[in-house]
Amino acid sequence: MLPSPLEEIADARLGGRGVRLLLKRDDLIHPDIPGNKWRKLRGNLDEARRLGHDTLLTFGGAYSNHVRAVAAAGRLFGFRTVGVIRGEEHLPLNPTLRFAVDAGMRLTYLDRTSYRTKSSPGVVDRLRAEFGAFCLLPEGGSNALGVRGCAELPAEIDRPFDVICCSCGTGGTLAGIAAGLAPGQRALGVPVLRGARFLADEVDALQRAAFGVNSGNWTMAYDFHFGGYAKSTPELARFIADFHDRHGLALEPVYEAKLLYALFALAADAFPPGTTVVAVLNALADRAFRATPSPT
């Protein structure tokens with residue numbers, strides 16, 4: 001479903017400050033390859049086909065949304081797929097890896113020490129010796145092609161807006177969205193990782209790889225990780241329950257709940273009256289593609 005729908009949320013907590021909130025419902029793009037997963041994969045799939053590859057290999061944790069999406073894309077578009085999973089094998093497979101295997105993906109595992117050097121020539125050469133030639137997709141799908149795919153998102157928005165916001169894991173989504181903005185618009189990223197200030201360098205590097213320049217129109221709000229990646233607190237749980245009661249949407253807790261919490265918390269200081277904010281939702285907790293975290 002492209003372009004994905006745009007929905008306005010009426011909420012007195014924002015409306016009372018003169019702030020409009022629009023949700024870019026990228027979670028509705030596809031049930032198995034939603035949101036930024038599809039936007040980052042599409043260009044990589046085209047490039048793999050152009051180069052004559054019939055196999056995609058990628059990396060991720062045991063609950064990786066990206067690994068799941070690559071497996072689904074391989075099944076839909078006729079690629080063999082290999083998932084290199086961080087850590088040891090655990091049986092029975094969790095729902096994420098079971099989905100991947102059922103979609104035809106072959107799994108292999110790297111211990112956590114080796115995984116830190118997963119992109120080194122030595123590790124990649126060993127993987128090629130085992131699986132043959134493949135197109136290598138980075139963890140989370142964040143490379144120049146993925147960033148260019150995300151840069152297409154702002155042009156789909158047919159209403160005037162001032163700020164667009166997204167959650168951040170690897171920085172690729174923010175890098176692309178910010179690069180696609182019109183003059184005068186800005187992007188705000190909400191990292192879901194503890195100690196994520198390194199992501200500013202990652203976003204800079206990804207923009208330069210994709211477009212040759214840092215767009216300079218983005219910032220990050222680092223204080224809404226709630227303890228770190230896939231961590232939560234009772235406060236965040238209450239926000240999720242309250243948002244569902246008010247708006248009927250079950251926010252995905254790893255990324256999108258933290259994003260929306262940050263927007264409401266920042267509204268008084270970060271968004272002057274009259275500001276229109278777009279929040280990009282890549283998944284919801286009540287869709288089939290849920291409880292399987294992976295960097296964005």
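This text goes with the structure placed above it.
Predicted model, so just to flag it, every value in this text is computed and none were measured. (Residues numbered from 1 in each chain as written. Predicted model: local features only at pLDDT ≥ 70, side-chain atom pairs only at ≥ 80, totals over all residues. Heavy atoms only, no water.)

Q: Sorry, what's going on with the pattern of salt bridges here?
A: Pairing is possible between side chains of opposite charge, provided their charged atoms come close. Evaluated as defined, the whole model comprises 20 salt bridges. With its nearest N and O atoms 3.3 Å apart, the salt bridge here joins Arg13 to Asp242. A residue pair is termed long-range when its members are at least 10 positions apart, and Arg13 in helix H1 (residues 12–15) and Asp242 in helix H10 (residues 234–247) qualify at 229 residues. Using a relative accessible area of 26% as the deciding quantity, one classes Arg13 as partly exposed. Residue classification places Asp242 among the partly exposed positions, given a relative accessible area of 26%. As a salt-bridge pair, Lys24 and Glu156 come within 2.8 Å of each other at their nearest N and O atoms. A residue pair is termed long-range when its members are at least 10 positions apart, and Lys24 in strand S2 (residues 20–25) and Glu156 in the loop between helix H7 (144–150) and strand S7 (163–168) qualify at 132 residues. Beyond isolated ion pairs, a larger network of salt bridges with shared partners links Asp11, Arg13, Asp242 and Arg246. (Salt bridge = Lys/Arg side-chain N within 4 Å of Asp/Glu carboxyl O. Helix = DSSP H or I, 4+ residues; strand = E, 2+ residues; numbered from the N terminus. Buried < 20%, exposed > 50% of the residue type's maximum accessible area, 1.4 Å probe, protein only.)

Q: How do you make sense of helix H4 (residues 95–102) when you look at a structure like this?
A: Given 3.6 residues per helical turn, the α-helix brings residues three or four places apart onto the same face. Of the positions making up H4, those classed as buried are Thr96, Leu97, Phe99 and Ala100. Angularly, the buried residues of H4 cover 155° about the axis, an arc narrow enough to put them on a single face. Projecting away from the buried face of H4 at angles above 90 degrees are the exposed residues Pro95 and Asp102. Tucked into the core, H4 has its buried residues touching helix H3 (65–77), strand S4 (80–86) and strand S5 (106–110). Two to three positions downstream of the cap, the backbone nitrogen of Thr96 sits 2.9 Å from a side-chain oxygen, assigning the N-cap of H4 to Asn94. (Arc of directions from axis to C-beta. Contact = heavy atoms within 4.5 Å. Polar contact = N/O pair within 3.5 Å; in protein donor to acceptor, adjacent residues only side chain to side chain.)

Q: For this particular structure, what's the right way to read the environment of Gly180?
A: On the secondary structure map, Gly180 appears in the loop between helix H8 (172–179) and strand S8 (186–191). A sequence separation of eleven residues divides Gly180 from Gly169, and the C-alpha atoms of the two residues are 19 Å apart. Here Gly180 is in contact with Ala151 and Pro154, once residues within four sequence places are set aside.

Q: Could you clarify how one ought to interpret the nonpolar core in this entry?
A: Most often, soluble globular proteins have nonpolar side chains that are buried together. One finds Leu21, Leu23, Leu260, Leu263, Phe271 and Val277 to be the most contacted residues of the largest nonpolar core, which totals 31 residues. With eight residues, helix H11 (residues 256–270) is the single largest residue contributor to this core. Setting aside anything within four residues of it in sequence, one finds Leu23 in contact with Pro5, Leu6, Glu7, Ile9, Leu249, Leu260, Ala279 and Leu281. The next biggest cluster of nonpolar side chains, apart from the first, holds 30 residues, and it includes Ile157, Phe161, Ala175 and Val280. (Core = buried A, V, L, I, M, F, W, Y, C linked by side-chain atoms within 4.5 Å.)

Q: Where do I start with the pairing of S4 in this structure?
A: Within a regular beta strand, the side chains point alternately toward one face of the sheet and then the other, so they alternate between its two faces. Most of S4 is tucked away, with five of its seven residues classed as buried. In the classification by handedness, the crossover that spans strand S3 (residues 55–60), the intervening H3 and the parallel S4 is right-handed. Summarising the sheet, S4 and S5 pair through five bridges and their orientation is parallel. Within S5, the residue paired with Ile85 across the bridge is Tyr109. (Right-handed = clockwise from strand over helix to strand, strands pointing away. Pairing = 2+ DSSP bridges.)

Q: Can you help me understand helix H6 (residues 121–131) in this one?
A: When H6 is considered as a whole, its buried residues turn out to be Val123, Val124, Leu127 and Phe131. Angularly, the buried residues of H6 cover 95° about the axis, an arc narrow enough to put them on a single face. Exposed residues pointing more than 90 degrees away from the buried face of H6 are listed as Pro121, Arg126 and Ala129. Buried-residue contacts for H6 involve S3, S4, S5, helix H5 (112–115) and strand S6 (135–137).

Q: What's the story with the sheet that holds S6 in this structure? I'm lost.
A: Each strand in a sheet pairs with its neighbour through backbone hydrogen bonds, running either in the same direction (parallel) or in the opposite one (antiparallel). Spatially, S5-S4-S3-S6 is the arrangement adopted by the four strands of the open sheet, whose pairing is parallel. The outermost strands of the open sheet, each flanked by one partner alone, are S5 and S6. Across the sheet, the mean angle separating the axes of adjacent strands is 25° when strand polarity is ignored. Where S3 and S4 come together, six bridges link them in parallel fashion. Looking at S4, one finds that Gly60 is bridged to Ile85. (Axes fitted to C-alpha atoms, helices over the stretch in contact; angles between N-to-C directions.)

Q: So what exactly am I meant to see when it comes to the state of the cysteines here?
A: Linking two cysteines covalently through their sulfur atoms gives a disulfide. A complete count under the given rule lists zero disulfides for this structure. Here Cys135 is not cross-linked by a disulfide; its sulfur's nearest cysteine counterpart is in Cys150, at 17 Å. The buried category is assigned to Cys135, whose relative accessible area is 11%. Of all cysteine sulfurs in the structure, the one in Cys166 sits closest to Cys165, which takes part in no disulfide; the separation is 7.8 Å. (Disulfide = S-S within 2.5 Å.)

Q: For this particular structure, what's the right way to read the side chain of Lys40?
A: You can see Lys40 is positioned in helix H2 (residues 35–50). Of the side chains with opposite charge, Glu256 lies nearest to the buried Lys40, which makes no salt bridge, at 10 Å. In terms of polar contacts, Lys40 uses its side chain to reach the side chain of Ser142, at 3.3 Å. (Lys, Arg positive; Asp, Glu negative; His and termini not counted.)

Q: Got a minute to help me understand the sheet that holds strand S1 (residues 6–9) in this structure?
A: Taken together, six strands build an open sheet; the order of strands is S1-S2-S10-S7-S8-S9 and the sheet is mixed. Here the strands that pair on one side only, and so sit at the sheet edges, are S1 and strand S9 (218–220). Sheet twist, expressed as the average angle between the axes of neighbouring strands with direction ignored, equals 25°. In this sheet, S2 lies alongside S1 in antiparallel orientation, the contact comprising four bridges. Bridged to Leu6 within S2 is Lys24. The sheet strands contacting helix H9 (residues 199–211) are S7, S8 and S9, and the helix crosses S9 at an angle near 155°.

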